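Results of the structural survey
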Amino acid sequence: MKKILKICGLTLLILFFGLFGIGVYFYQTDPMIKAIVNNDESKLYYFPSKKMTNMNELDFDESTLTVEDSLIIYSYQFRPRVENKANIFLIHGAGGNVSSYSNLIKPLTDNGFAVYTVDWRGYGKSTGVPNYRGVMKDTEIAFQDFIKKTAKDSLKTIVYGMSLGGPMAIKITKDNQDQVNLLVLDGTVESAQSLAIDYAPIDFLKERAKSSPEKFNQDYVGVRDIAEIENIPKLIIHSRMDTDVPYIRGKNVFDAAQEPKEFWETETDHIMTLKDLSDEVIEKIEQKIR
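Residues numbered from 1 in each chain as written. Predicted model: local features only at pLDDT ≥ 70, side-chain atom pairs only at ≥ 80, totals over all residues. Heavy atoms only, no water.

1. Comments concerning empty space enclosed by the protein
Taken as a whole and assessed by the stated rule, the structure comprises two cavities of 30 Å³ or more. Of the voids in this model, the largest cavity is the one considered here, and its volume is about 100 Å³. In terms of lining residues, the largest cavity is bounded by Tyr45, Tyr46, Tyr132, Leu164, Pro167, Met168, Val189, Ser191, Ala192, Leu195 and Tyr220. The set of elements that each furnish at least two residues to the lining of the largest cavity consists of helix 6 (165-175) and helix 7 (192-199). The residue inventory of the lining of the largest cavity, partitioned by class, reads 10 nonpolar, one polar and no charged. (1 Å grid on protein atoms, 1.4 Å probe; cavity = no way out; pocket = protein on both sides within 12 Å on 5 of 7 lines; lining within 4 Å. Points joined across faces, edges and corners; volume = space filled by probe spheres on them. Helix = DSSP H or I, 4+ residues; strand = E, 2+ residues; numbered from the N terminus. Nonpolar A, V, L, I, M, F, W, Y, C, P; charged D, E, K, R; others polar.)

2. Overview of helix 4 (residues 102-110)
For an α-helix the count is 3.6 residues per turn, leaving residues at separations of three or four pointing the same way. Taken together, the buried positions of helix 4 are occupied by Ser102, Leu104, Ile105, Pro107, Leu108 and Thr109. Buried residues belonging to helix 4 abut strand 3 (71-78), strand 4 (86-91), strand 6 (113-119), strand 7 (156-162), helix 11 (273-276) and helix 12 (278-289). Backbone geometry just downstream of helix 4 places Gly112 in the positive-phi region, at approximately 90°. (Buried < 20%, exposed > 50% of the residue type's maximum accessible area, 1.4 Å probe, protein only. Contact = heavy atoms within 4.5 Å.)

3. A closer look at the pattern of salt bridges
Inspection of the entire model under this criterion finds 23 salt bridges. As a salt-bridge pair, Asp61 and Arg79 come within 2.5 Å of each other at their nearest N and O atoms. Here Asp61 is found in strand 2 (residues 60-68), whereas its partner Arg79 is found in the loop between strand 3 and strand 4, with 18 residues between them in sequence. A relative accessible area of 36% places Asp61 in the partly exposed class. A residue is classified by how much of its surface remains accessible, and Arg79, at 34% relative accessible area, is partly exposed. Linked by salt bridges that have partners in common, Glu68, Arg121, Lys137 and Asp138 make up one network. (Salt bridge = Lys/Arg side-chain N within 4 Å of Asp/Glu carboxyl O.)

Here it is in structure tokens:
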């Protein structure tokens with residue numbers, strides 16, 4: 001009997017250290033697991049690229065903005081190919097840099113919209129490392145620059161947020177309601193916490209993210225902030241086929257919003273509405289700014 005107990009005890013001990021070793025291995029080799037365990041914002045939410053791809057098909061100016069001492073971000077103003085209908089402040093998603101979104105900017109400029117967008121710290125030519133508060137600060141400074149540069153015309157202002165840029169687009173609109181005429185969200189993230197929940201690779205980390213909202217910065221939360229936007233029309237686009245940000249996230253944001261609002265359910269890939277359904281996007285935007 002004692003021999004059996006010793007064997008069982010040894011087996012359990014081996015299993016414990018084996019599982020512990022596997023856990024340590026995945027922690028050290030899987031960046032996402034490590035980022036979730038440490039709540040490392042710079043790796044958990046942001047996937048910047050420093051390589052700028054060719055944007056020769058677009059007519060644009062490039063400018064720099066000083067955010068903090070030695071921290072510089074790059075902004076881009078894309079000119080429309082036909083008479084300007086409105087000014088769009090575009091906030092891109094978590095991956096790549098501005099040049100990665102040129103195929104989504106082109107349908108807007110081809111159809112008479114001027115587009116201003118910015119690369120957050122760490123993206124493209126911008127210096128620094130991205131983090132939750134930092135990218136919001138970059139967006140706010142860029143928006144003030146955008147307002148200054150468009151102040152002399154009488155055109156309407158559209159704030160357009162894609163994916164991770166969605167909660168920032170919501171906050172910019174909430175804080176500047178007298179200067180925004182339309183809010184457009186495509187594949188929007190609901191909150192930083194929802195991202196951690198959706199991307200947690202194992203149930204333990206998923207449950208930890210669900211039960212610990214205090215571990216996530218709550219300076220801006222899309223699903224909360226949108227409820228404070230009054231009177232401004234809102235076009236919220238989300239694909240049933242979206243594998244990056246679940247459909248329910250966009251629906252939750254829409255349900256929290258005040259009227260006037262429209263929810264447009266598509267079947268494109270994540271934030272590919274402007275590429276795959278460009279005519280429909282342009283038509284909906286034009287209807288809402290008339």
